[in-house]
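Per-entry structural report
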Amino acid sequence: MKTTLKLLTVLLVLLFISCGGKEEKKEPFDYGKKPTTSEKPVEKKVESKDLASQRVDLTNKGIGPITSIVLGEEIDQAMVVHGSDVYKKMCMACHRPDKKFIGPAPKGVLERRTPEWVMNMILNPEEMVQKDPLAKDLLVEFNGSPMANQNLTEEEARAVLEYFRTLK
Amino acid sequence: MKNILKPLLAIGVFLLAFTSCDNSKKSDSRSGALAGNVAEKVYVAPGEHDEFYAFVSGGFSGQLSVYGLPSGRLFKVIPVFSQDPEKAWGYNEETKPMLNTSHGFVPWDDAHHPDISQTQGVVDGRWVFINGNNTPRIAKIDLTTFETTEIIEVPNSAGNHSSSFVTENTEYVVAGTRFSVPIPQRDMPIKEYKGNFKGALTFISVDPQDGNMDIKFQLIMPGFDYDLSHPGRGKSHGWFFFTTYNSEEANTLLEVNASQNDKDFIAAVNWKKIEEYVNNGGGTKVPANYAHNVYDDETHSATSTMKKEVLVVNPAEVPGAVYLLPTPKSPHGCDVDPTGEYIVGNGKLSANLTVHSFTKMLDAIENQKFAGDAYGIPILNFEDVLAGTVEQPGLGPLHTEFDDKGNAYTTFFISSEVVKWKVGTWEVLDRQPCYYSVGHLMIPGGNSQKPWGKYVVAMNKITKDRYLPTGPEVTQSAQLYDISGDKMELLLDFPTIGEPHYAAGCPADLIKSRSKKIYNLEDNKHPFAVKSEAETKVVRDGNTVHISMSMIRSHFSPDNIEGVKVGDKVYFHVTNLEQDYDVPHGISMIGANTSELLIMPGQTETFLWEPKQEGVWPFYCTDFCSALHQEMQGYVRVSPVGSNTELKWSLGEEIE
């Protein structure tokens, strides 16, 4: 009897403690949330540098059918129109031109990637996410969302690349 | 003494143990080696492909299943005549018209005899045809997509059983009626059957380019039961042969009354002659009502058209086009050898197998040696057309197929065996038991001019103890035999879907390189297709709401929809934007009175949802599509009737 009473008291006290002091919280809970910029600005900066999507690698050509691409001096406008059309149909479901969506934004991609890498990622995504170190890290960064192979022809992928040149 | 005896005994026992151990080892290894040998013959290593496709009818399942040989592995069940919630066949708005008939929507049939299209007498792997037995229909399956793309109803027919066999250039797929019926159908006493009921043999032309089916003519025959059929080939190309029973024209207790005549007939039809007659304006167009359902790979939708007329031909109008060959005792299977010379009538109540000669038949016709006539159709003399008899090969012969070495293989239902015999000498060469009660059998190409005589598949009616028991209902079964040597060898048992009535097979190479991988999004002409997320929308029209939705790994667009009301008819038109092989997505909605959709890359499908309760109701992807499959979900807000909730839709508004 005595023990039961003691236990009850402890439980009651515990209950009171857990009840107190958290009334004005907006979110039901915040476990595991990514830290917001206001909280730890320094850490965030370091983190974003480490992100595969921000990494700059202008030597890696990726793995796939494309080994060498020479970009013309001038942007080929006819190719851009075609590429933009293909992009809208085949890529927009996951890639917004200038902001992160399901996958990364292509805006400025040629400042970070070689043209060969971009085309191999479009044409050979299954092998890229398995073997290419950058693509592997991207898959992790984007929650394991796989880059879909939309079966573009090389010509279509090349046109999309030309369109990317206009996204700065 | 005792002391000596003990060790001796011990040694004796020891030795015995060794010898017996040795013995058992020997016998083990013997049976093991044998079993291993057989196992190797059906073993297809992981990742490797089978040598043959086998298309096995589902019987009362109404479907067609696709197996590999020699492994006996099941690859796909193609929905044909029965609704299939797994694939939304007959449930989604696009395929419902495929099951339309003159009797309305018929969601089931009894699928019997698949036959692969042929070119110059050789199986070409373009299409499989199969008959719906109950509500007479012929379906065509396209072997680039492995989907049913056409179903034509057969008017004036009932129990569409002597079907669906193709002529040697797929000029026609033929559908013969089992039951004779009043033609046209009318209210009359059943007992006036004799002389009044008729049997329609229907010749459906097949367009050599797109395979489009059209009834060319119906031959209106005497009121027998037309059981099975096969085309002539090679020298007999241009003829078609049908077994008949119930030449007694009984309308009750056929078990007894249709087994009175010593002989029934094989009807030989010179279809080229009738075709010529029809092409010259012959025949009579009579009113009819039958459905012609066509599925289009570009709109991903079927249309059903009711046809109102059919051309009928009375055999008496075309002299010399139809003859009757007396054949003992209710012949069932009607099989023609690869040369086209021999027509095997498998008299199911006869002790012997009867084989007719095409050459002798032509001679008898030329010499006008007739034994009489039935309703004006000349009957030939049995002896004049008989090529030979396989004497007492077994009990209850049903069906015969052929290999490429001049041998025939006949199933015997009652004695439960496959018997191999020599065409021409009629001698029995070998026999192997079936477990149990075999019906049809199939050799790839075994009903064409060019059989691939490596395997025969026996399809059994009774399984009993062959597999682990599953209550009173057990699977039906097929058995694979190696027929490459002099003696047949049983290699494998494998379970089947429904009842396997017949099968068609061919080398995998004929088909696999042409198998489609995706539907091209560019070619999608579905009226509600969206070709990018930019085109997705929700449109209200009265109380009908059309949601044009897209899906790609791993989200729906839109995935939040508001403004739907109780009592609305909500159509989800969903397009899979993927353009990669083997990335289907599914979708299902809580409370929808229909099945899921399973949508292939580039395809659009539609289901109807009629929300009955207000609330916020989820939908989700039903086919595990990626690591984020569980995230592929969405909500529809359902407001009360008459509410003013604005129609809105979105995807990822909070994503930054």
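Please read all numbers here as calculations on a predicted model, not as lab measurements.

With that settled, consider the overall build of chain A. Scanning chain A from terminus to terminus reveals seven helices and zero strands. Helices and strands appear in chain A in the N-to-C order α-α-α-α-α-α-α. When burial is assessed residue by residue, chain A has 36% of its 168 residues classed as buried. A separation of at least 24 residues holds for 74% of the contacts in chain A among residues at least 6 apart in sequence. Counting every atom, chain A has about 11300 Å² of accessible surface; 60% of that belongs to carbon and sulfur.

What follows concerns the overall build of chain B. When its secondary structure is counted, chain B shows six helices and 46 strands. When the backbone C-alpha atoms are referred to their principal axes, chain B occupies close to 105 × 85 × 45 Å. Here chain B, with 656 residues, has 58% of them falling under the buried criterion. Surface exposure of chain B reaches about 26700 Å², of which carbon and sulfur atoms provide 53%.

Turning our eyes to something else, we now look at the packing of aromatic side chains. Within the structure shown, the criterion is met by 30 aromatic pairs over all chains. When the centroid spacing of 5.2 Å and the interplanar angle of 70° are considered together, the rings of B:Tyr172 and B:Trp271 count as edge-to-face. With a gap of 99 residues between them, B:Tyr172 in strand S11 (residues 172–176) and B:Trp271 in helix H3 (residues 271–279) connect regions that are remote in the sequence. In this structure, B:Tyr172 and B:Trp271 share a single accessibility class: buried. Their ring planes at 85° and their centres at 5.9 Å tell us that B:Phe203 and B:Phe240 sit as a pair that is edge-to-face. A residue pair is termed long-range when its members are at least 10 positions apart, and B:Phe203 in strand S13 (residues 197–206) and B:Phe240 in strand S16 (residues 239–245) qualify at 37 residues. Judged by its relative accessible area of 0%, B:Phe203 is buried. Taking relative accessible area as the criterion, B:Phe240 reaches 0% and is therefore assigned buried. The structure contains a cluster of three or more aromatic residues connected by ring pairs, namely B:Tyr172, B:Phe203, B:Phe217, B:Phe240, B:Phe242 and B:Trp271. The ring of A:Trp117 has A:Arg113 lying over it, and the distance from NZ or CZ to the ring centre is 5.1 Å. Its guanidinium or amino end placed over the ring of B:Trp127, B:Lys140 lies 5.6 Å from that ring's centre, counting from NZ or CZ.

Here we take up the side chain of B:Gln476. Mapped onto the secondary structure, B:Gln476 falls in strand S33 (residues 476–482). Not counting the four nearest positions on each side in its chain, B:Gln476 is found in contact with B:Phe60, B:Asn460, B:Lys461, B:Thr463, B:Phe494, B:Pro495, B:Thr496, B:Gly498, B:Glu499 and B:Pro500.

Residues and elements named next belong to chain B. Spatially, the four strands line up as an open sheet ordered S21-S22-S23-S26, and their pairing is antiparallel. The open sheet has two edge strands, strand S21 (331–336) and strand S26 (386–390), and neither has a second partner. Between one strand axis and the next, the sheet turns by 20° as a mean value, whatever way the strands run. Of the pairings in the sheet, the one linking strand S22 (residues 342–347) to strand S23 (residues 353–357) comprises four bridges and is antiparallel in character. In the sheet register, Ile 343 faces S23, and the bridge partner there is His 356. Packing of helix H4 (residues 358–366) onto the sheet brings it into contact with S22, S23 and S26, and relative to S23 it is tilted by some 60°.

Turning our attention to the confidence of the model for chain A. Mean pLDDT for chain A: 83, with 74% of residues reaching 70 or above. With pLDDT under 50 throughout, residues 40–46 of chain A is counted as low confidence; its partners more than four residues away or in other chains account for one contact.

Now for the side chain of B:Ser643. All names here are of chain B. Within the secondary structure, Ser 643 is located in the loop between strand S45 (633–639) and strand S46 (648–650). Under the relative-accessibility criterion, Ser 643 is labelled buried at 16%. Side-chain polar atoms of Ser 643 contact the backbone oxygen of Pro 640, separated by 3.0 Å.

Next up on the list: the sheet that holds strand S28 (residues 407–412) of chain B. All names here are of chain B. Taken together, the four strands give an open sheet; going across it, the order is S27-S28-S29-S30, and neighbouring strands pair in antiparallel fashion. With one partner strand each, in any of the chains shown, strand S27 (397–402) and strand S30 (428–433) form the two edges of the open sheet. The average angle at which neighbouring strand axes cross in this sheet is 20°, direction not considered. Taken together, the five bridges between strand S29 (residues 417–422) and S30 define a ladder with antiparallel strand orientation. The partner of Val 419 across the bridge, within S30, is Arg 431.

Throughout the structure, instances matching the rule amount to 31 salt bridges over all chains. For A:Asp137, the salt bridge is made with A:Arg55, and the minimal N-O distance between the two is 2.9 Å. Placement of the pair is A:Asp137 in helix H6 (residues 133–141) and A:Arg55 in the loop between helix H2 (41–50) and helix H3 (77–90), with a sequence separation of 82 residues. Residues participating in the shared-partner salt-bridge network are A:Asp85, A:Lys89 and B:Glu522.

Right, let's get into the domain arrangement of chain B. Residue and element names in this part refer to chain B. Taken domain by domain, chain B comprises domain 1 (52–514) and domain 2 (521–650). Summarising the inter-unit geometry, the C-alpha centres of domain 1 and domain 2 are found 43 Å apart. Facing the 13 residues of domain 1 at the interface are 16 residues of domain 2. Interface area, domain 1 with domain 2, both sides summed: about 1200 Å², of which 47% is carbon and sulfur. On the domain 1 side of the interface with domain 2, the three residues burying the most area are Glu 93, Glu 298 and His 300, jointly 40% of the side's total.

Below, the discussion takes up the interface of chain A and chain B. At the interface, 20 residues of chain A touch 20 residues of chain B. The contact between chain A and chain B buries some 1600 Å² in all, and 57% of this surface belongs to carbon and sulfur atoms. Counting the surface chain A buries against chain B, the share from its top three residues, A:Lys89, A:Ala93 and A:Gln150, is 29%. Ionic pairing is found between A:Lys89 and B:Glu522, a salt bridge with its closest N-O pair at 3.5 Å.

Here the focus is the confidence of the model for chain B. Residue and element names in this part refer to chain B. The predicted model of chain B has a mean per-residue pLDDT of 93, with 94% of residues at 70 or higher. Counted against residues more than four places away or in other chains, residues 12–33, with its pLDDT under 50, gives one contact. Among the prediction metrics, the complex's ipTM stands at 0.71, with pTM recorded as 0.88.

This brings us to helix H7 (residues 154–165) of chain A. Residues and elements named next belong to chain A. Across its 12 residues, H7 extends 17 Å between first and last C-alpha, which sits within 8% of the 16 Å expected from 1.5 Å per residue. In terms of burial, H7 is largely enclosed, as nine of its 12 residues are buried. Looking only at H7, the buried set comprises Ala 157, Arg 158, Ala 159, Val 160, Leu 161, Glu 162, Tyr 163, Phe 164 and Arg 165. Where H7 is buried, its residues contact H3 and helix H4 (115–123).

Attention now goes to the pairing of S11(B). All names here are of chain B. Most of S11 is tucked away, with five of its five residues classed as buried. Burial along S11 is two-sided: the face carrying Tyr 172, Val 174 and Gly 176 and the face carrying Val 173 and Ala 175 are both buried. As paired strands, strand S10 (residues 162–166) and S11 are joined by four bridges and run antiparallel to one another. Bridge pairing in S11 places Ser 162 opposite Gly 176. In the sheet, S11 pairs with S13 via five bridges, with the strands oriented antiparallel. Looking at S13, one finds that Gly 176 is bridged to Leu 201.

Residue and element names in this part refer to chain B. The omega torsion of the bond from Ser 163 to Ser 164 falls at -5°, within 30 degrees of zero and hence cis. Structurally, Ser 164 is set in strand S10. Here the bond from Arg 553 into Ser 554 is cis, since omega is -10°, no more than 30 degrees from zero. Relative to the helices and strands, Ser 554 resides in the loop between strand S37 (544–552) and strand S38 (555–557). Unlike most non-glycine residues, Tyr 375 shows phi in positive territory, near 50°. Note on placement: Tyr 375 falls in the loop between strand S24 (370–374) and strand S25 (377–380).

Rules of the game
- Residues numbered from 1 in each chain as written.
- Chains lettered and ligands numbered in written order.
- Predicted model: local features only at pLDDT ≥ 70, side-chain atom pairs only at ≥ 80, totals over all residues.
- Heavy atoms only, no water.
- Helix = DSSP H or I, 4+ residues; strand = E, 2+ residues; numbered from the N terminus.
- Buried < 20%, exposed > 50% of the residue type's maximum accessible area, 1.4 Å probe, protein only.
- Contact = heavy atoms within 4.5 Å.
- Areas by Shrake-Rupley, 256 points an atom, 1.4 Å probe, with all protein chains shown as cover.
- Phe/Tyr/Trp six-rings, centres within 6.5 Å; stacked < 30°, edge-to-face > 60°.
- Lys NZ or Arg CZ within 6 Å of the ring centre and 35° of its normal.
- Pairing = 2+ DSSP bridges.
- Axes fitted to C-alpha atoms, helices over the stretch in contact; angles between N-to-C directions.
- pLDDT = per-residue confidence, 0-100.
- Polar contact = N/O pair within 3.5 Å; in protein donor to acceptor, adjacent residues only side chain to side chain.
- Salt bridge = Lys/Arg side-chain N within 4 Å of Asp/Glu carboxyl O.
- Domains from an automatic or database assignment.
- Buried area = accessible area lost by both parts, 1.4 Å probe.
- Expected span 1.5 Å × (residues − 1).

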